[in-house]
Amino acid sequence: MIVSFRINGTIAWIFLAVIPVMAVLLLLIVKKVSPVFNRVFHTYDCLNNVVQENARGIRVVKSFNREDYEINKFKGISKSIYDDFAKGERLLALNSPIM
């Protein structure tokens, strides 16, 4: 900021006016995105549990013909992760226009 005042005072005052507005907008984005990504990471944990269960009990799944059920279970969790992650990334994409 000191250098910008030395180069051109008018531009430095514009910087001073715009920086708080940008900070507020970026804080709003962070507040919106943070819960979404927390939910994504929690869902990743659930996905890991499903994969681990399938890896441990693969013989049981095959012998009791539960493959379709397990596949649908995996697809449901994967879709949930995809939807939440896409929503979070759409919100984070607002950073570029603000900058």
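Here is a short report on the structure shown in this document.

When their charged atoms lie close together, side chains carrying opposite charge are able to pair. A complete count under the given rule lists three salt bridges for this structure. Measuring nitrogen to oxygen at the nearest pair gives 3.3 Å for the salt bridge that ties K73 to E53. Of this pair, K73 sits in helix 4 (residues 67-92) while E53 is found in helix 2 (residues 9-56), placing the two residues 20 residues apart along the sequence. Here K79 and D83 are joined by a salt bridge, their closest N and O atoms 3.2 Å apart. Pair noted here: K79 and D83 are both in helix 4, with a separation of four residues, about one helical turn.

Its 48 residues place the ends of helix 2 67 Å apart at the C-alpha level, agreeing with the 70 Å of an ideal helix rising 1.5 Å per residue. Its axis deflected by about 25 degrees at V33, helix 2 carries its strongest bend there, up to four residues before the proline P35. Within the sequence span of helix 2, burial applies to A12, I29, V33, V36, F37, V40, T43, L47, V50 and N54.

Let's shift gears to the packing of helix 2 against helix 4. Remark: helix 2 packs on helix 4, axes separated minimally by 9 Å, with the N-to-C direction vectors making an angle of 160 degrees. Taken together, the axis directions place helix 2 and helix 4 in an arrangement best described as roughly antiparallel. Relative to helix 4, the crossing made by helix 2 is left-handed. Considered class by class, the residues forming the contact of helix 2 with helix 4 number 16 nonpolar, five polar and eight charged.

So, on to helix 4. Along its 26 residues, helix 4 runs 37 Å from first to last C-alpha, staying within 8% of the 38 Å computed at 1.5 Å per residue. For helix 4, the full list of buried residues reads E70, I77, I81, D84 and G88.

This next bit is on the packing of aromatic side chains. For the structure on display, the rule yields three aromatic pairs. Ring geometry for F5 versus W13: centroids 5.3 Å apart, planes at 85 degrees, classification edge-to-face.

Moving on to the nonpolar core. Core analysis: the biggest nonpolar cluster contains five residues, these being V40, L47, V50, I77 and I81. Listed by contribution, the elements that provide at least two residues to this core are helix 2 and helix 4.

Taken together, the side chains of M1, F5, I11, W13, F15, L16 and I19 make up a nonpolar region of the molecular surface, amounting to roughly 670 Å² of accessible area. It is helix 2 that provides the largest number of residues to the nonpolar patch, a total of five residues. Positionally, M1 belongs in the segment before helix 1 (2-7). By relative accessible area, M1 is classed as partly exposed at 42%.

Within the element layout of this structure, T43 appears in helix 2. Residue class for T43 comes out buried when judged on its relative accessible area of 10%. Polar side-chain contacts of T43 include one of 2.7 Å to the backbone oxygen of R39. Excluding residues that lie within four positions of it along the chain, T43 makes contacts with I77, S80 and I81.

Scoring rules and cut-offs
Residues numbered from 1 in each chain as written. Predicted model: local features only at pLDDT ≥ 70, side-chain atom pairs only at ≥ 80, totals over all residues. Heavy atoms only, no water. Salt bridge = Lys/Arg side-chain N within 4 Å of Asp/Glu carboxyl O. Helix = DSSP H or I, 4+ residues; strand = E, 2+ residues; numbered from the N terminus. Expected span 1.5 Å × (residues − 1). Bend = angle between axes of the 7 residues up to and from the residue. Buried < 20%, exposed > 50% of the residue type's maximum accessible area, 1.4 Å probe, protein only. Axes fitted to C-alpha atoms, helices over the stretch in contact; angles between N-to-C directions. Parallel < 35°, antiparallel > 145°, perpendicular 65-115°, else oblique. Left-handed = near helix turned anticlockwise from the far one by under 90°. Nonpolar A, V, L, I, M, F, W, Y, C, P; charged D, E, K, R; others polar. Phe/Tyr/Trp six-rings, centres within 6.5 Å; stacked < 30°, edge-to-face > 60°. Core = buried A, V, L, I, M, F, W, Y, C linked by side-chain atoms within 4.5 Å. Patch = residues over 30% accessible without salt bridge, like charges linked within 9 Å, V, L, I, M, F, W, Y side chains within 5 Å. Areas by Shrake-Rupley, 256 points an atom, 1.4 Å probe, with all protein chains shown as cover. Polar contact = N/O pair within 3.5 Å; in protein donor to acceptor, adjacent residues only side chain to side chain. Contact = heavy atoms within 4.5 Å.

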